[in-house]
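Architecture at a glance
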Amino acid sequence: MREPLARIDPERARHYRESGLWGSSRVDQTVLAAARIRPDAVALTAGGRSLSHGALAAAVASAAARLTTLGVRRGDAMIVQLPNDLELVVLTLALSRIGAPPVLTPTALRDYELDQLVRIVRPVGIAVAATHARFDHLAMARRLRAAHPSVRRLVVSDADDAADESVVDLIALCEPMDGPSASEPETAQLDDAALCLLSSGTTGPPKVIPRLQQAYDYQLRITPNLAGVDQDSVYLAVMPATHGFVLGCPGVLGTIGAGGRVVLGHSAEPAVAFELIERERVTHCALVPALAQRWAEAATDTGHDLSSLRVVQVGGARPSRPQVERIPRALGAVVQQCYGMSEGLLNYTSLDDSTDIIFDTQGRPASPADEILVVGADGNPVPPGGVGELLTRGPYTVAGYYADDAANAKSFTGDGYYRTGDLVRVHQPSSSLVVEGRCRDVVNRGGEKIPAAELESLAGEHPAVAEVAVIGVPHERYGEIVCLYIVCRDGLPAPDLREVRGFLAERGLARFKLPECLEIVERLPYLGIGKVDKKSLRASVDKTAG
Ligand code: AMP
């Protein structure tokens, strides 16, 4: 993170400091604060191993010292592509403390996406589990290191290759040291990046979102309260903790910071998750709508005791009313709708809102200092209650992506508002937001964002493909799934879905982006300016479905 980071303009920053929203602690200090108050209470459990708040703080200090010895410095960055394990949390906090932000990367991403990411952030290292979900991450990390000289270290859990000196053992790195360390780690400044999240973007490479210390720290301090998380809470992470929703809304970091306990799960399968809920007496959990639906269905005939559950947060995509309505009865928990984005703004329904607000709206901004505008195509605010694009700025919303002037010019207004690309309206009289759709070309498959342009460009490389368009088609469980429309080259046989999926997977594309339906058509509908008319494609799907 050597290049200048986009910062909130000085006037607003001063206001946030003077009004006490921004404090003087770094993210790691806030998260580890409970180590002083209740050092022996369990902070984190994963795969049968646990760390108390005190042991977690010791592990973070040791990892920061060892990273310093390895030459990791303030201003460096490291790609962290780890599953939900203790070391993901320890490494994230240690890098954040040093000011060498972890770039939190979902394990689902493959060579195609990571290669682009490495070009953008030029990391000094990549942290992976040697294998995860039958994929050889270490081999991928080696390919990336061979292609990119900035990558000096691979930090790996479960590596059995002791001969490779540049491979650092992640488990040993995170083990608490007995004595003081030889090298005193540098510490991050309050306006350094604490960590980076990824946005799927609408075109090409993922966008890197540097979340600055003071701003992210503020988010971690305010979100526990909104979700009713305190030191008696047990938060279960079943989705990847590298995603902002699970990491800090309040999620893993907010719950530990509140003095509570986090259980990191490896699977969102109801049978596995329900067992953990019963065993660990889980109180809080965050789910995308499709998962919430599966859990509610599975809960009707489970033998597990789910009575400890108090709050189920649902977000990442807009749930249908039936998807959320069943939760209180089936899971015995209050639903909290969460609508937010890795760039910042978070909205929540209150735990004591009426059921209509909870089931039908996506919530109100988390901070009184969040500013929102709903604007029409002309950039002017729409009349009250009208649908328009949501623009936002505030004390924890970023002012720009990392090293991406083109994206920043498109995604941020001159006065610092982030253009969310979401179409919303403000529900009256609750002032809660309702998400009505998107103005950007992204398929949201139950919370996983798939940029149409990326898929179109890769599918266009198939020898039989003359023209291609990607749209999201309605799906009961996922909200929408990817459908690929293809016009074939004259004389060449049309590929089937299996072949197209195989072709894309071979190019290193993450599996969740692979199309789930394929339509071979004679021609695509075009708008006058040579742009595929996706509205009419979608309408043709609706007609067929209807
Ligand atoms: P991400 O940065 O991956 O968290 O994606 C953020 C985007 O996900 C938002 O801009 C919305 O398009 C979508 N999103 C997140 N939560 C919701 C929700 N509760 N309802 C509708 N869309 C959502």
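Residues numbered from 1 in each chain as written. Predicted model: local features only at pLDDT ≥ 70, side-chain atom pairs only at ≥ 80, totals over all residues. Heavy atoms only, no water.

With respect to the nonpolar core
In this structure, Leu56, Val252, Leu253 and Trp295 are the most contacted members of the largest nonpolar core, which totals 109 residues. No other element matches the 9 residues that helix α5 (residues 86–98) contributes to this core. Each residue touching Trp295, except ones within four places of it in the same chain, is listed here: Leu236, Val238, Ala268, Pro270, Ala273, Phe274, Ile277, Cys285, Leu287 and Leu331. Counting 50 residues, the second-largest nonpolar core is a separate cluster that includes Val118, Val167, Val470 and Ile486. (Core = buried A, V, L, I, M, F, W, Y, C linked by side-chain atoms within 4.5 Å. Buried < 20%, exposed > 50% of the residue type's maximum accessible area, 1.4 Å probe, protein only. Helix = DSSP H or I, 4+ residues; strand = E, 2+ residues; numbered from the N terminus. Contact = heavy atoms within 4.5 Å.)

Side note on the sheet that holds strand β18 (residues 364–365)
As summarised here, the arrangement of the 9 strands in space is β2-β1-β13-β12-β14-β15-β16-β17-β18, forming an open sheet in which the pairing is mixed. The sheet terminates laterally at β2 (49–52) and β18, the two strands that pair on one side only. Pairing between strand β16 (residues 334–341) and strand β17 (residues 344–348): 4 bridges, direction antiparallel. In the strand pairing of β17, Met341 is matched with Gly344. Lying on the sheet, α5 is in contact with β1 (42–46), β2 and β13 (261–264); it crosses β2 at an angle near 35°. Of the strands in this sheet, β12 (234–237), β14 (284–287) and β15 (311–315) are in contact with helix α13 (residues 289–299), which crosses β14 at around 120°. (Pairing = 2+ DSSP bridges. Axes fitted to C-alpha atoms, helices over the stretch in contact; angles between N-to-C directions.)

Some remarks on the site of the ligand
In the vicinity of the ligand, 15 residues are found, and the nearest of them are Arg318, Cys338, Ser342, Asp422 and Lys449. Taking His243, its side chain carries an N or O atom lying 3.1 Å from an oxygen atom of the ligand. The contact in question runs from an oxygen atom of the ligand to an N or O atom on the side chain of Lys449, over 3.1 Å. In the complex, the protein chains occlude 90% of the 490 Å² of accessible area that the ligand would expose alone. The element contributing the most residues to the shell around the ligand is β16, with 4 residues. Looking at the shell around the ligand, its residues break down into 5 nonpolar, 7 polar and 3 charged. (Near = heavy atom within 4 Å. Polar contact = N/O pair within 3.5 Å; in protein donor to acceptor, adjacent residues only side chain to side chain. Areas by Shrake-Rupley, 256 points an atom, 1.4 Å probe, with all protein chains shown as cover. Nonpolar A, V, L, I, M, F, W, Y, C, P; charged D, E, K, R; others polar.)

Points about the environment of Asp9
With respect to the secondary-structure elements, Asp9 resides in the segment before α1 (10–18). The exposure class of Asp9 is partly exposed, given its relative accessible area of 32%. It is 44 Å that separates the C-alpha atoms of Asp9 and Pro525, two residues lying 516 residues apart in sequence.

Quick look at the pairing of strand β21 (residues 418–426)
Strand direction decides the pairing type here: strand β20 (residues 388–393) and β21, joined by 4 bridges, are antiparallel. Residue pairing for β21: Thr392 is matched across the bridge by Tyr418. Bridge analysis of β21 against strand β22 (residues 433–438) gives 5 bridges, and the strand direction is antiparallel. From the neighbouring strand, Val426 faces β22, where its bridge partner is Leu433. In this structure, the hairpin formed by β21 and β22 is closed by a connection of 6 residues, where Ser431 is found at a positive phi of approximately 65°.

Quick word on the pairing of strand β26 (residues 479–488)
For β26, the tally of buried residues reaches 9 of 10 residues, placing the bulk of the element in the interior. Between strand β25 (residues 465–475) and β26, which follow one another and run antiparallel, lie 3 residues. The pairing of β26 with strand β27 (residues 517–520) spans 4 bridges and is parallel. By the bridge assignment, Ile486 is partnered in β27 with Ile520.

Remarks on unusual backbone geometry
Here the amide bond leading from Cys249 into Pro250 is cis, since omega sits at 0°, within 30 degrees of zero. Assignment of secondary structure puts Pro250 in the loop between α10 (244–248) and α11 (251–257). Following Gln428, the chain continues to Pro429 via a peptide bond in cis, the omega torsion being 5°. With phi around 50°, Ala133 is a residue other than glycine that occupies positive phi space. With respect to the helices and strands, Ala133 occurs in the loop between β6 (131–132) and β7 (135–136). Here Ala133 falls in the exposed class, since its relative accessible area comes to 63%.

Regarding the domain arrangement of the protein
Taken domain by domain, the protein comprises domain 1 (54–188) and domain 2 (442–545). Each of domain 1 and domain 2 has a C-alpha centre, and these two points are 36 Å apart. Taken together, the contact pairs 7 residues of domain 1 with 9 residues of domain 2. Regarding the contact of domain 1 and domain 2, the summed buried area is about 540 Å², with carbon and sulfur atoms giving 58% of it. Among the residues domain 1 hides against domain 2, the three largest losses belong to Ala108, Tyr112 and Glu113. Together they make up 74% of the total. At the junction of domain 1 and domain 2, the tally comes to 1 salt bridge. In this structure, the salt-bridge partner of Glu113 is Lys513, at a minimum N-O distance of 2.8 Å. (Domains from an automatic or database assignment. Buried area = accessible area lost by both parts, 1.4 Å probe. Salt bridge = Lys/Arg side-chain N within 4 Å of Asp/Glu carboxyl O.)

Looking at the sheet that holds β25
If you walk across this open sheet you meet the 3 strands as β25-β26-β27, and the pairing is mixed. Each edge of the sheet is formed by a strand with only one pairing partner; in this case those strands are β25 and β27. Averaged over neighbouring strand pairs, the angle between their axes works out to 25° when direction is ignored. Running over the sheet, helix α18 (residues 452–459) touches β25 and β26 and is turned about 145° from β25.

Brief notes about the pattern of salt bridges
Pairs can form between side chains of opposite charge whenever their charged atoms are close. Taken as a whole and judged by the stated rule, the model has 32 salt bridges. A salt bridge links Asp191 to Arg7; the nearest nitrogen and oxygen atoms lie 3.6 Å apart. Placement of the pair is Asp191 in the loop between α8 (170–173) and β10 (193–199) and Arg7 in the segment before α1, with a sequence separation of 184 residues. On the basis of relative accessible area, Asp191 is assigned to the partly exposed category, the value being 35%. Among the salt bridges present, the one from Arg261 reaches Glu280, with a minimum N-O distance of 2.8 Å. Residue Arg261 is found in strand β13, and its partner Glu280 is found in helix α12 (residues 270–280); the two are separated by 19 residues along the sequence. Residue classification places Glu280 among the buried residues on the basis of a relative accessible area of 12%.

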